[in-house]
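Here's the letter readout for the chains.
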Amino acid sequence: QCDWILPSLYSDRSYRFKFIAAFLVVAIHTSPLSSFSANADFLLTRVLARTAVPFFLMVTGYFLLPQYLFEKSMDRRPLLRFLKKTVLLYGIAILLYLPVNIYAGHFQGAGIGELIRKVLFDGTFYHLWYLPAVLLGVPLVCWAGSRLPFRILGGSCLLLYLIGLFGDSYYGFIANSPIASFYDVLFHVFSYTRNGLFYVPLFLVIIVMIPINSRIF
């Protein structure tokens, strides 16, 4: 067992939390408390439930990435297995939601470029963005981690996340500033910055950014 392993991730509490996190993801998209209390629903779906996606990303990063970030492993088989499974899951999800997309007219008037953007970045349905984000973020972090010291990798991921915040949650702060033109260019490539380039990398590496020992920091 390598000395970067955090034993707490193997605890029963962490194992059980994945079921809670799955419920929280569902809650984000269904607003289960909206008919009872708007404030309670806001607290659940806009505050507490926002921990779910980072949790799943951190678990993915913990179990998949250390061999590439620390051991500089050249064995790409674990990475390829993960990507193949995720592509298969994403493909199934696309097919499942295809009738809904067609019925709702989401693809009406969409050109090839728009369809490519949906598949590669946005997700073909609004809540499917996670899968293409992981498919981009994981190999990106693996590639960068094999070439950069961990401190620089972590700092770069943090910088990307901060840039992404102003294209998503904090866009209102810069909407009328010259910086907005930079994001306008980005939005020609993808619809939002909550994706595999800006949002995902930080949470993939953050679990191993904790200063466990001098090997990391």
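The shown structure was predicted, so the numbers you read here are calculated from the model rather than taken from an experiment. (Residues numbered from 1 in each chain as written. Predicted model: local features only at pLDDT ≥ 70, side-chain atom pairs only at ≥ 80, totals over all residues. Heavy atoms only, no water.)

**So, the overall build of the protein**
Filter applied, for reference: A helix here means a DSSP run of H or I that spans at least four residues, while a strand means a run of E at least two residues long, and both kinds are numbered starting from the N terminus. Residue burial is assigned from relative accessible area. The probe radius is 1.4 Å, only protein chains are included, and a residue is buried under 20% of its type maximum, exposed over 50%, and partly exposed in between. Note on contacts: a residue pair qualifies if any of its non-hydrogen atoms lie within 4.5 Å across the two residues. The Shrake-Rupley method, run with a 1.4 Å probe sphere, supplies the accessible areas, and residue values consider only the shown protein chains as cover.
In terms of helices and strands, the protein carries 11 helices and zero strands. Written out in order from the N terminus, the α and β elements of the protein read α-α-α-α-α-α-α-α-α-α-α. In the protein, buried positions account for 36% of the 217 residues. Put simply, of all contacts in the protein between residues at least 6 apart along the chain, 69% involve residues at least 24 apart. Total accessible area computed for the protein in this model is approximately 12,700 Å², and 69% of it derives from carbon and sulfur atoms.

**Brief notes about the nonpolar core**
We count it as follows: What makes a nonpolar core is a set of buried Ala, Val, Leu, Ile, Met, Phe, Trp, Tyr and Cys residues whose side-chain atoms join them at distances within 4.5 Å.
Among the nonpolar cores identified, the biggest contains 29 residues, and L57, L65, L69, V138, L153 and L204 are the most heavily contacted of them. Within the residue set of this core, elements represented by two or more residues are α3 (52-64), α4 (66-69), α5 (77-104), α7 (130-145), α8 (150-165) and α11 (200-206). Top element by residues in this core is α7. It accounts for six residues. Ranked by size, the runner-up nonpolar core spans eight residues in total, among them A21, L24, A27 and F55.

**A few points about the pattern of salt bridges**
Cut-off, in case you're wondering: For this document, the term salt bridge refers to a Lys or Arg side-chain nitrogen within 4 Å of an Asp or Glu carboxyl oxygen.
What the rule picks out here adds up to five salt bridges. Between D75 and R77 there is a salt bridge, and its shortest N-O distance comes to 2.9 Å. Bridged by salt links that share partners, the residues E114, R117, K118 and D122 form one connected network.

**Considering the side chain of T124**
Here T124 is to be found in the loop between α6 (112-122) and α7. Note on T124: relative accessible area 6%, which makes it buried.

**Observations regarding the side chain of T86**
Mapped onto the fold, T86 is located in helix α5. Sequence-distant contacts of T86, that is, excluding residues within four places in its chain, are made with L131 and L135.

**Section: unusual backbone geometry**
Within the chain, S31 stands out as a residue other than glycine whose phi angle is a positive 45 degrees. With respect to the helices, strands and loops of the structure, S31 is situated in the loop between α1 (12-30) and α2 (38-47).

**Some thoughts on a nonpolar patch on the surface**
Quick note on the threshold: Grouping into patches uses exposed residues only, defined as over 30% relative accessible area, and leaves out salt-bridged ones; the cut-off is 9 Å for like charges and 5 Å for nonpolar side chains (Val, Leu, Ile, Met, Phe, Trp, Tyr).
A grouping of I112, L115, I116, V119 and L120 is seen on the molecular surface, where their side chains present a nonpolar patch of about 430 Å² in accessible area. Here V119 falls in the partly exposed class, since its relative accessible area comes to 34%.

**Considering the packing of aromatic side chains**
We count it as follows: The aromatic pairing rule takes the rings of Phe, Tyr and Trp, using the six-membered ring of Trp, and pairs them if the centres are within 6.5 Å, calling planes under 30 degrees apart stacked, those over 60 edge-to-face and the rest tilted. Charge over a ring is defined by NZ of Lys or CZ of Arg lying within 6 Å of the ring centre and within 35 degrees of the ring normal.
Going through the model one piece at a time under the given rule, you end up with 17 aromatic pairs. Judged by centre distance (5.4 Å) and plane angle (65 degrees), the ring pair of F121 and F190 falls under edge-to-face. Taken together, the positions of F121 in helix α6 and F190 in the loop between α10 (180-186) and α11 put the pair 69 residues apart, joining distant regions of the chain. F121 sits in the partly exposed class, given a relative accessible area of 21%. Since its relative accessible area comes to 4%, F190 is described here as buried. An angle of 75 degrees between the planes, with centres 6.1 Å apart, marks the rings of W129 and Y130 as edge-to-face. Above the face of the W129 ring, R194 is positioned so that its terminal group lies 4.8 Å from the ring centre. The ring of Y192 carries the charged tip of R194 above its face, separated from the ring centre by 4.7 Å.

**Here we look at the confidence of the model for the protein**
To keep it simple, the criterion reads: The predictor's confidence in any single residue is recorded as pLDDT, a number from 0 to 100.
Taken over all residues, the pLDDT of the protein has a mean of 86, while the share at 70 or more is 89%. Averaged over each element, pLDDT in the protein is lowest for α4 (83) and highest for α7 (95). For residues 1-5, every residue scores under 50 in pLDDT, and the model assigns this stretch 11 contacts once sequence neighbours within four places are set aside. Residue range residues 211-217 is modelled with pLDDT below 50. Its contacts to residues more than four positions away, or to other chains, number 17 contacts.

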